[in-house]
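These are the residues of each chain, in order.
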Amino acid sequence: MLDRTTAWNSRSHNAFADALSVLSEKYPDVTVHRAHVRGGLCRALVEASTRAQLVVVGSRNRDRLAGALLGPVSRAALRHADCPVAVIRSEKG
């Protein structure tokens, strides 16, 4: 049986893969690099930004101030990345 975190991660991964597939077809000249990272996500993201033209991170903030508060990964990317950062909030809440 899946716990809530595993189930959410599975749904999130599938939704991301579906969205990425659609966008890859629409923008075939854009190269996407994906990596699985264990621990130290903020540090890994900032390091990867040194080789990127754009870093895109998702925000799953469920707070009523939806756009006003960011999680630690989004904050680290915005503060320390060596390239532009896009923080995308899910339409589903």
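Preceding block: the structure.
Quick look at the structure, then. (Residues numbered from 1 in each chain as written. Predicted model: local features only at pLDDT ≥ 70, side-chain atom pairs only at ≥ 80, totals over all residues. Heavy atoms only, no water.)

1. Focus: the packing of helix α2 (residues 41-48) against helix α3 (residues 72-80)
As a reminder, the rule being used: Inter-axis angles, ranging from 0 to 180 degrees, are taken between N-to-C directions of lines fitted to C-alpha atoms, where helices are fitted over the stretch in contact. Counting from the N terminus, the helices are the DSSP runs of H or I reaching at least four residues and the strands are the DSSP runs of E reaching at least two. Crossings are assigned a handedness: left-handed for a near helix turned anticlockwise from the far helix by less than a right angle, right-handed for a clockwise turn. Contacts: residue pairs with any heavy atoms within 4.5 Å of one another. Residue polarity is assigned by list, with Asp, Glu, Lys and Arg as charged and Ala, Val, Leu, Ile, Met, Phe, Trp, Tyr, Cys and Pro as nonpolar; anything else, Gly included, falls into the polar class.
Close contact between α2 and α3 brings their axes to 9 Å; oriented N to C, the two are set at 30°. Helix-helix and strand crossings are classified by hand; for α2 and α3 the assignment is right-handed. On α3, the residues that touch Leu41, Cys42, Leu45 and Val46 of α2 are Pro72, Val73, Ala76, Ala77 and His80. Broken down by class, the residue content of the contact of α2 with α3 amounts to eight nonpolar, one polar and no charged.

2. What about α3?
Two residues of an α-helix separated by three or four positions point the same way, owing to the 3.6 residues in each turn. To keep things clear, this is the line we draw: Only protein chains enter the accessibility calculation, which uses a 1.4 Å probe. A residue is then buried if its area is under 20% of the maximum for its type, exposed if over 50%, and partly exposed in between. Directions drawn from the helix axis to the C-beta atoms are what define this arc.
Residues Ser74, Ala76 and Ala77 constitute the buried set of α3. All buried residues of α3 lie within an arc of 165° about the axis, which places them on one face of the element. What points out from α3, more than 90 degrees from its buried face, is the exposed set Pro72 and Arg79. Lining the buried residues of α3 we find α2, β1 (55-59) and β2 (85-89).

3. Some details on the side chain of serine 49
We count it as follows: Polar contacts here mean pairs of N or O atoms no more than 3.5 Å apart (in protein, one a potential hydrogen donor and the other a potential acceptor; neighbouring residues in sequence count only if both atoms are side-chain atoms).
By the element assignment, serine 49 lies in the loop between α2 and β1. A distance of 2.9 Å separates the side chain of serine 49 from the backbone nitrogen of aspartate 82, its partner in a polar contact. The contact partners of serine 49, leaving out residues within four places of it in the chain, are Val55, Ala81, Asp82 and Cys83.

4. Some words on the environment of aspartate 82
Mapped onto the elements, aspartate 82 comes out in the loop between α3 and β2. On a C-alpha basis, the gap between aspartate 82 and valine 55 in space is 9.3 Å, while along the polypeptide they are 27 residues apart. Not counting chain neighbours up to four residues away, the residues in contact with aspartate 82 comprise Ser49 and Thr50.

5. Some words on the pattern of salt bridges
Selection rule: The salt bridge criterion pairs a side-chain nitrogen of Lys or Arg with a carboxyl oxygen of Asp or Glu, the two atoms within 4 Å.
Scanning all chains against the criterion turns up one salt bridge. The partner of arginine 51 in a salt bridge is glutamate 47, with the nearest N and O atoms 3.9 Å apart. Exposure remark for glutamate 47: the relative accessible area of 48% places this residue in the partly exposed category.

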